[in-house]
Amino acid sequence: MIYDVEGDIMLTRAQVTVQSVAIGDPMTRGLARRLNERYPAMVEAFREWCESTNPEPGEIWLWEATDKSQIINLITHEGDEDPTRLRRPNKIAVNRCLRRLAKMVADERIKSMAMPKIASGDFGLDWAEVRGMMDSQLSEVLGPIFVYVVELEGQVASEPGM
């Protein structure tokens, strides 16, 4: 079930945090920046993974920290050589990411997820359209999915069932 929540996603009790990124993303904006500050090793590992696998938009990458926190990165668009330039997420890639996310949740037995309004930030897609894709692709996921629709730094969200 998908729940809209308000609070600080960095304080989630969900097993996995999900974010959308670009190929080779420097992770300097939004949730990616905050995760980068907490887990700088993730950014380096992501760059290495991008260099070694040459991913395409629509792929996903799971990273686990030494503290057992897990981050799933949805590659929703191409990167840019200039990290100050933003590229718009690709609708087809977002849909593929969500389909792959549903499969990963089943395969890895992920019990709960937290995510921001993926692919809809600066220069992003229309949130209503992305939410429709989420409803379609993630409807079979058994565990709760907490979508942080309002970010309230320092405030723990009410996450049903956690």
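One can find the structure itself at the top, above this paragraph.
Here the structure is a predicted model, which means the values were calculated and not measured. (Residues numbered from 1 in each chain as written. Predicted model: local features only at pLDDT ≥ 70, side-chain atom pairs only at ≥ 80, totals over all residues. Heavy atoms only, no water.)

Looking now at the sheet that holds strand 5 (residues 113-116). Within the open sheet, the six strands sit side by side as 1-6-5-2-4-3. Their pairing is mixed. Two strands in the sheet have a free side with no partner beyond their single neighbour: strand 1 (2-7) and strand 3 (60-64). This sheet shows a mean twist of 30 degrees between the axes of neighbouring strands, independent of strand direction. Lying on the sheet, helix 1 (residues 30-38) is in contact with strand 2 (16-22), strand 4 (70-77), strand 5 and strand 6 (145-151); it crosses strand 2 at an angle near 115 degrees. This element, helix 4 (residues 127-137), spans strand 1, strand 5 and strand 6 of the sheet and lies at about 135 degrees to strand 1. (Pairing = 2+ DSSP bridges. Helix = DSSP H or I, 4+ residues; strand = E, 2+ residues; numbered from the N terminus. Axes fitted to C-alpha atoms, helices over the stretch in contact; angles between N-to-C directions. Contact = heavy atoms within 4.5 Å.)

Turning our attention to the nonpolar core. Formed by 27 residues in total, the largest nonpolar core has its most connected members in Ile72, Leu74, Leu98, Leu101, Met113, Met115 and Leu138. Counting residues per element, the ones that place at least two in this core are strand 2, strand 4, helix 3 (91-108), strand 5, helix 4 and strand 6. Ranked by residues supplied to this core, first place goes to helix 3 with seven residues. Counting residues in hydrophobic clusters, the runner-up holds 25 residues, among them Ile9, Ala14, Trp49 and Ala114. (Core = buried A, V, L, I, M, F, W, Y, C linked by side-chain atoms within 4.5 Å. Buried < 20%, exposed > 50% of the residue type's maximum accessible area, 1.4 Å probe, protein only.)

With that settled, consider the environment of Leu98. One can find Leu98 in helix 3. Along the backbone, Leu98 and Glu59 are 39 residues apart, and their C-alpha atoms lie at a distance of 9.4 Å. Excluding anything up to four places from it in sequence, Leu98 contacts Leu74, Ile118, Met133, Met134, Gln137 and Leu138.

Geometry of an aromatic ring pair is reported as the spacing of the ring centres plus the angle between the planes. In this structure the tally under the stated criterion is five aromatic pairs. Between the aromatic rings of Trp49 and Trp61, the centroid separation amounts to 5.8 Å while the plane-to-plane angle is 25 degrees, which identifies the pairing as stacked. Residue Trp49 is located in helix 2 (residues 40-53), and its partner Trp61 is located in strand 3; the two are separated by 12 residues in the primary sequence. The exposure class assigned to Trp61 is buried, which follows from its relative accessible area of 11%. Three or more aromatic residues joined by ring pairs form one cluster here, namely Phe46, Trp49 and Trp61. (Phe/Tyr/Trp six-rings, centres within 6.5 Å; stacked < 30°, edge-to-face > 60°.)

Another point: the pairing of strand 4. Counted residue by residue, strand 4 has eight buried out of eight residues, so it is predominantly covered. Across seven bridges, the pairing between strand 2 and strand 4 is parallel. Bridge pairing links Val18 to Ile72 in strand 4. Bridge analysis of strand 3 against strand 4 gives five bridges, and the strand direction is antiparallel. Bridged to Trp61 within strand 4 is Asn73. Where strand 3 folds back on strand 4, the antiparallel hairpin that results is connected by five residues, among which Lys68 adopts a positive phi of roughly 75 degrees.

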